[in-house]
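Examining the three-dimensional arrangement
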Amino acid sequence: MNLIRRILGGAGGAPAAKGPSFGNPDEPAQGALNTTPAALSDPGPQNPALAGQFPSFQNPPPTDVGGMPMFWSSFNIAPKRIQAGGWAREVTAENFPISKAIAAVNMRLGPGGIRELHWHLAAEWGIVTNGACRVTVLDEVGRAYVQDVGQGEIWYFPPGQPHSLQGLGPDGCEFLIVFDDGAASEFNTLLVTDWLAHTPPDVLAQNFGVPAEVFKDIPLHDLWIFQGEEPGPLAADQAAVAEGGAPPNPFTFSLGGSKPVRENGSGSIRLADSTTFKVSTSIAAALLSLKPGAMRGMHWHPNADEWQYWIKGEGRMTVFNAGPRAQTADFKAGDVGYVPKGQGHYIQNTGATDLQFLAIFKAPVYQEVGLSEWLRHTPPALVAQHLNIDPAEIAKFPQDHIGIQPG
Ligand code: MN
Ligand code: MN
């Protein structure tokens, strides 16, 4: 008797309802096929709209076992902070405790909307998902960088380097920001207006070499996000800040426009880390597209936790850890997923449309180990003795690095 037979309802017509649990016979049998319909029913309070988002929580695959820290969250459940010019909402370790490595912000800036000049201790990585915006940043030796970024383009601002963002016409922009610190918050950054408002005017006068009266109209409360005028031509803004010299490497990069590292009939994977996007020394990113029914093959990451932003479509992911523990969750657009370093996972497109999601790692380079790749690159007799599988079948396993199946 094997797992596949049990899931399919038993071999040779035998009912599967009383089958032992797979792989851990010493544990209580877990899964719907080990119980009775009466015990399986769920008569209590129901919120079908919410519960319906999570079929794998309501009826887990029989291979799921044990419990795990919650690895699903969503911007859809994050309150928006709305101001003139735009809004933002965030998912951080405070409301998503597993996410120790990464905090994230979803922000909208209308045309001319400005995210105030500011800085913070975490590095910031961003990707435009709609529209276009202008970014400014100053590096640690005083070289300025101004650039416009559109859909699929990314930026990286090193820790402490001051920057701003502004929505461009006609539609403004929407983007995702990640910080390389789960405790970081977009609602608590060092703002230029706050510092000026909390410095004695004579000190401002001495610092800037102008009379104190120059500062009589500065805002006394910070702006954070505010409605501004749309900026002029990019070249003019670039020329206006060119005096300090140009940074050696750009702070922006086209992830969406880069050559995929893997592309086949099932989808594509694009990568941006410090090997291609040199300034991004603490964040590696993968942008994945999967066709309906396709799967990002079973793998893990040896060097970092994986933080996910589900952009389009829907899918499911099972995370595997020692114990054994395995848990499956469903994801839709706007959701966030998290896989701690080293824990096995796959992602399947369970919807009728293309699935697109972003995977973020707090690491200078992208690394992964593929299960199929590993078993293909291990002596076949050794693998065969572990799994009771004919070496001729093992020879058919895909050996791609960073695979999408079917390949
Ligand atoms: Mn920032
Ligand atoms: Mn992964």
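Residues numbered from 1 in each chain as written. Chains lettered and ligands numbered in written order. Predicted model: local features only at pLDDT ≥ 70, side-chain atom pairs only at ≥ 80, totals over all residues. Heavy atoms only, no water.

**Some words on the side chain of Thr193**
- Within the secondary structure layout, Thr193 lies in helix H5 (residues 192-197).
- Apart from residues lying up to four places away in sequence, Thr193 is in contact with Glu116, Pro219, His221, Asp222 and Leu223. (Helix = DSSP H or I, 4+ residues; strand = E, 2+ residues; numbered from the N terminus. Contact = heavy atoms within 4.5 Å.)

**Let's talk about the coordination of the manganese ion (ligand 2)**
- Binding of the manganese ion (ligand 2) to the protein goes through His299 (NE2), His301 (NE2), Glu306 (OE) and His345 (NE2), at separations of 2.0 to 2.2 Å.
- Between consecutive donors of the manganese ion (ligand 2), the numbers of intervening residues give the motif H-x1-H-x4-E-x38-H. Taken together, the residues span a long stretch of sequence, with His299 in strand E17 (residues 295-300) and His345 in strand E22 (residues 344-349) at a distance of 46 residues. The same class applies to His299 as to His345, namely buried. (Donors = N, O, S within 2.8 Å, 3.2 Å for Na, K, Ca; no water. Buried < 20%, exposed > 50% of the residue type's maximum accessible area, 1.4 Å probe, protein only.)

**Structural notes on the coordination of the manganese ion (ligand 1)**
- Listed as protein donors to the manganese ion (ligand 1) are His118 (NE2), His120 (NE2), Glu124 (OE) and His163 (NE2); their distances from the metal cover 2.0 to 2.2 Å.
- Along the chain, the residues donating to the manganese ion (ligand 1) are arranged with the sequence spacing H-x1-H-x3-E-x38-H. Exposure class is identical for His118 and Glu124. Each is buried.

**With respect to the sheet that holds strand E14 (residues 262-264)**
- Ordered in space as E1-E21-E18-E23-E16-E15-E14, the seven strands form an open sheet in which the pairing is antiparallel. Two strands in the sheet have a free side with no partner beyond their single neighbour: strand E1 (72-74) and E14. Strand-to-strand, the axes of this sheet are offset by a mean angle of 20°, without reference to chain direction.
- Here strand E18 (residues 306-312) runs beside strand E21 (residues 335-339); their pairing, made up of four bridges, is antiparallel. Within E21, the position partnered with Trp307 by the bridge is Tyr338. (Pairing = 2+ DSSP bridges. Axes fitted to C-alpha atoms, helices over the stretch in contact; angles between N-to-C directions.)

**A closer look at a nonpolar patch on the surface**
- Together, Phe208, Val210 and Val214 line one region of the surface with nonpolar side chains, adding up to about 250 Å² of accessible area.
- With respect to the element layout, Val214 can be found in the loop between helix H6 (201-208) and strand E12 (225-227). (Patch = residues over 30% accessible without salt bridge, like charges linked within 9 Å, V, L, I, M, F, W, Y side chains within 5 Å. Areas by Shrake-Rupley, 256 points an atom, 1.4 Å probe, with all protein chains shown as cover. Salt bridge = Lys/Arg side-chain N within 4 Å of Asp/Glu carboxyl O.)

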